[in-house]
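# Survey of secondary and tertiary structure
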There are 2 protein chains.
Amino acid sequence: MKQKPTLKVIAKELDVSVSTVSKALRDSKEIGEETKKKVKAFAKLYNYRPNNIALSLKNKKTKTLGVIIPEIVHHFFTTVISGIEHYANDKGYNVIVGLSNESFKKEVINLEMLANGSIDGFIISVAKETLSFKDFHHFSETIDQGIPIVMFDRVIDDIECDKVIVDDVKTSEKAVQKLIDGGCKNIGIISTKDYVNVGRLRTEGYKNTLNANHIKIQNSRILKIDDKFNSDDNLEFLEEQIYTYFEENEVDGLFTVNELYAITAMKVARQKGLTIPDDLQVIGFTDGVLSRHAFPSLTTISQHGFEMGEESAKLLIDRLENPNEEEELFKTIVVKTDIIDRETTKLRNPKK
Amino acid sequence: MKQKPTLKVIAKELDVSVSTVSKALRDSKEIGEETKKKVKAFAKLYNYRPNNIALSLKNKKTKTLGVIIPEIVHHFFTTVISGIEHYANDKGYNVIVGLSNESFKKEVINLEMLANGSIDGFIISVAKETLSFKDFHHFSETIDQGIPIVMFDRVIDDIECDKVIVDDVKTSEKAVQKLIDGGCKNIGIISTKDYVNVGRLRTEGYKNTLNANHIKIQNSRILKIDDKFNSDDNLEFLEEQIYTYFEENEVDGLFTVNELYAITAMKVARQKGLTIPDDLQVIGFTDGVLSRHAFPSLTTISQHGFEMGEESAKLLIDRLENPNEEEELFKTIVVKTDIIDRETTKLRNPKK
DNA sequence: TTGAAAGCGCTAACAG
DNA sequence: CTGTTAGCGCTTTCAA
């Protein structure tokens, strides 16, 4: 077992001082060519690499970002992580991932664990439980300690920090309008409880569009799914709620707040004998693997998670590397969305 | 902005020495009750938390694990990460994630970036490119430096380290046998090129079972998908290869090495007018979201990724915390698999 | 051109 | 019971 060499051993080996070695390796002009060459050769031979931890301690920065997300077995979040990694690695940063599992407590623990010097800044999408508790002290305290936070997707209006979002309202308006234009008369929405900001905003877009088209809003057509926190058997629970919804509503167009709700609704609808898209057209927010491979394939809204990740990392790293500049001027970046047209909105016999 | 307090400032504030503070906080019996109380109160008030980096430097361990995987937008890998996080957090470890994107070079860079003190050990699933190059020097060098590695799923026989795998051969045998028992006469397999060990082993299982059942192996029925590395438009390329396969083969049972191949094959088969499962039964290795929500839902083999993650983390942490014990006795843990019965193997009119 | 010394934040052996 | 000192690996004045 070959121990990693340190400056100290190189110095001793070459019979020079530690600081000489350090300077030689950083090509300081204080050091003579001869010595430089000698030191560098030796370092290469023994494959010297400076110890990151020592550097971190010295420089008071770790060159690593902490990413805290609710879940990782989730297409959207993984694309975001990819984007973060991509940008961060490019800039020489590492990323530590922490999972909150939608739990407030785990979110706090993760934050505290990493805020003790392990990372330079956070990229966070807030846990549902935190949103419902409305307890955000851990975020403000972290920021207060001088550790910057970037929030994406599930953000908190009251916390002053950089944010990366999509225009949930406008995007939903586009989607619902598309259903109307496709000939749907009775359009429903499957959303989340209102404390999840994206759910609330998407529902708002839905209502706006109905209003704009002079269609009366029927509250029974707005289903707000009640998620259990930290529970794995949400799926059946979800199906039940949607089943009941279809019992009580006759819709020919459905907008959902994520692809899972859409896919599940399609399954339930099929059980009830509806044909998609002829009897029921569907659009889901958030493009993932499910949508592309579903049958029929699902029309969705792409949030461009990879880009959101890149933008988040960029915001954070910019702030870390230019601490004085633009202080207190927090940015909110709105990433554009696209409707990805697939089969669930492709009528074989267009009504118009 | 409240700066994080250090031992030093607490010491100065309370007019005692740094080591007194340090000891008081760790409840050393060397320190008088009075002082302890005073120090602790002060520390709580100012929300003192020891600096992780300083501790890491001192202790020569970081309490963080480096996980390097080919891809993160991938159900199996994310379940594994969940499992790793779960076990690691429980033991007070953090997790840094690095992505190789199936690229040899990125894998090496990631390894080197983290091996300079940032992490205590690695959990790795090897990139396809690395497997095809057969260049494993980065792994052996890392191990040589005293940094333990645990490999999972895509492991390398020649590297001596702890491993977590499933019994690919036996499991595939079970799956193919199930197809035979279900009445399939012409069974094909869609696998990967042989340098991907799991692909090779699963193909081996396929062949074994045909042999055991005295069915002649037809090479044309063995499709070995040619993945492009680092390419996002693999999907079309995949469809093409499968399309050609179906042109040249008439199969009524199909075993695939992952769920994407299965789903894609189902799509192509449908285009060719085949009904599933009546004309074609399908089983895919690796259970993910796609399988559950596909139509018809796909019978798969669950590798229990979460468990694999937990086991990997356990192996690694055990080795880190008991460095002398059981030295050089590397373990290979075989995680059990299950066939998850769904619709693609459920004949409406069983042939037998 | 090189080296000694201090310091990043913390712990621990040793002295007082 | 408390403080001094040294050291983890590195950089960076400042002095030689």
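Starting afresh in each chain, residues are numbered from 1 along the sequence in its written order. Note on labels: chains are lettered from A, ligands numbered from 1, in written order. The model is predicted, so local features are restricted to residues of pLDDT at least 70 and side-chain atom pairs to those at 80 or more, both for listing and for counting; the totals for chains, interfaces and linings are taken over all residues. Side-chain numbers here rest on the full set of heavy atoms in the structure, without hydrogens or water.

Under an unreviewed UniProt entry, the name given to chain A is LacI family transcriptional regulator, and the organism recorded is Psychroflexus torquis.

### A few points about the domain arrangement of chain A
Under the domain assignment used here, chain A contains domain 1 (7-45), domain 2 (55-165 + 305-336) and domain 3 (168-303). Start and end positions for the domains come from either an automated domain assignment or a database one. Domain 1 of chain A and domain 2 of chain A are separated by 39 Å when their C-alpha centres are compared.

### A word on the side chain of N94 of chain B
On the secondary structure map, N94 of chain B appears in strand β2 (residues 94-99). Residue contacts are defined here by distance: any two heavy atoms, one from each residue, within 4.5 Å place the two residues in contact. When near neighbours in sequence (up to four residues on either side) are disregarded, N94 of chain B contacts I96, M113 and L114 of chain A together with K63, T64 and L65 of chain B. Only runs of H or I of at least four residues qualify as helices and only runs of E of at least two qualify as strands under DSSP, and these elements are numbered from the N terminus.

### Some remarks on the packing of helix α6 (residues 104-115) of chain A against helix α8 (residues 137-144) of chain A
Two numbers describe a pair of packed helices, the interaxial angle and the distance between the axes. Residue and element names in this part refer to chain A. Axis definition: a line fitted to C-alpha atoms, limited for helices to the stretch in contact. Angles are taken between N-to-C directions and run from 0 to 180 degrees. Contact geometry for α6 and α8: axes closest at 10 Å, N-to-C directions at 10°. By the angle between their axes, α6 is roughly parallel relative to α8. On α8, the residues touching F104, E107, V108 and L111 of α6 are H137, H138, F139 and T142. Residues are sorted three ways: Asp, Glu, Lys and Arg are charged, Ala, Val, Leu, Ile, Met, Phe, Trp, Tyr, Cys and Pro are nonpolar, and all the rest, Gly among them, are polar. In terms of residue class, the contact of α6 with α8 is made up of four nonpolar, three polar and one charged. The labels follow the angle: roughly parallel below 35 degrees, roughly antiparallel above 145, roughly perpendicular from 65 to 115, and oblique for the rest.

### Section: the protein's contact with DNA strand D
Nearness is judged by heavy atoms alone; a residue qualifies as near a molecule or strand once a single heavy atom is within 4 Å of it. In the vicinity of DNA strand D, 26 residues are found, and the nearest of them are Y48 of chain A together with S19, T20, K23 and K60 of chain B. Contacts described as polar in this section are N or O atom pairs within 3.5 Å, which, within protein, must combine one atom able to donate a hydrogen with one able to accept it, while residues neighboring in sequence count only if both atoms come from side chains. One nitrogen or oxygen atom from the side chain of T20 of chain B is found 2.6 Å from a phosphate oxygen belonging to DNA strand D. At 2.4 Å from a phosphate oxygen of DNA strand D is found a side-chain nitrogen or oxygen belonging to K60 of chain B. Elements with a contribution of two residues or more to the surface near DNA strand D: α1 (7-14), α2 (18-25) and α4 (52-59) of chain A together with α2 (18-25) and α4 (52-59) of chain B. Its residues placed into classes, the surface near DNA strand D shows nine nonpolar, nine polar and eight charged.

### Section: helix α3 (residues 33-45) of chain A
Residue and element names in this part refer to chain A. Take the residue count of a helix, subtract one, and multiply by 1.5 Å to get its expected span. Taking 1.5 Å of rise per residue, 13 residues should cover 18 Å, and α3 covers 18 Å from first to last C-alpha, within 8% of that figure. When α3 is considered as a whole, its buried residues turn out to be K36, V39, F42 and A43. The arc that holds every buried residue of α3, seen down its axis, measures 140°, which confines them to one face. The exposed residues of α3 that point more than 90 degrees off its buried face are E33, E34, K37, K44 and L45. Next to the buried residues of α3 lie α1 and α2. Exposure categories follow from relative accessible area, calculated using a 1.4 Å probe and restricted to protein chains: below 20% of the type maximum is buried, above 50% is exposed, and the middle band is partly exposed. The arc refers to the directions leading from the helix axis to the C-beta atoms.

### Overview of the protein's contact with DNA strand C
Taken together, 26 residues lie near DNA strand C, and T20, K23 and K60 of chain A together with L7 and Y48 of chain B sit nearest. Among the atoms of DNA strand C close to the protein, meaning within 4 Å, 63% are from sugar or phosphate groups. One nitrogen or oxygen atom from the side chain of K23 of chain A is found 2.2 Å from a base oxygen belonging to DNA strand C. G32 of chain A is positioned such that a nitrogen or oxygen atom in its backbone is 2.7 Å from a phosphate oxygen of DNA strand C. Of all the elements, α2 of chain B adds the most residues to the surface near DNA strand C, at four residues. Its residues placed into classes, the surface near DNA strand C shows nine nonpolar, nine polar and eight charged.

### Comments concerning the sheet that holds strand β8 (residues 253-256) of chain A
All names here are of chain A. Spatially, six strands are ordered β7-β6-β8-β9-β10-β12 in an open sheet, and the strand pairing comes out mixed. Among the strands making up the open sheet, the edge pair consists of β7 (222-225) and β12 (338-340). Strand-to-strand twist across the sheet, computed as the mean angle between neighbouring axes with direction ignored, equals 20°. At least two DSSP bridges between two strands are needed for those strands to be called paired. With three bridges connecting them, strand β9 (residues 281-285) and strand β10 (residues 299-302) associate as parallel partners. Paired with F285 across the strands is I301, a residue of β10. Seen against the sheet, helix α10 (residues 197-212) touches β6 (187-192), β7, β8 and β9 and runs at an angle of roughly 165° to β6.

### Let's talk about the packing of aromatic side chains
Side-chain rings of Phe, Tyr and Trp, where Trp is taken by its six-membered ring, are said to pair if the distance between their centres is within 6.5 Å; with planes under 30 degrees apart they count as stacked, over 60 as edge-to-face, and otherwise as tilted. Counted by the stated rule, this structure contains 15 aromatic pairs over all chains. With centroids separated by 6.4 Å and ring planes inclined at 55°, the aromatic side chains of F255 of chain A and F285 of chain A adopt a geometry described as tilted. Placement of F255 of chain A in strand β8 and of F285 of chain A in strand β9 is noted, with a sequence separation of 30 residues between them. A residue is classified by how much of its surface remains accessible, and F255 of chain A, at 0% relative accessible area, is buried. Measuring from ring centre to ring centre gives 5.8 Å for Y245 of chain B and F246 of chain B, while their planes differ by 85°; the resulting arrangement is edge-to-face. The residues Y245 of chain B and F246 of chain B share a single accessibility class, namely buried. Among the aromatic side chains, those forming a connected cluster through ring pairs are F76, F77 and F152 of chain A. The residue whose ring lies beneath R202 of chain A is F285 of chain A, and the NZ or CZ to ring-centre distance is 3.6 Å. Lying across the ring of F295 of chain B, R270 of chain A places its NZ or CZ 4.3 Å from the centre. Each ring is checked for a lysine NZ or an arginine CZ that lies within 6 Å of its centre and within 35 degrees of its normal; such an atom marks a charge sitting over the ring.

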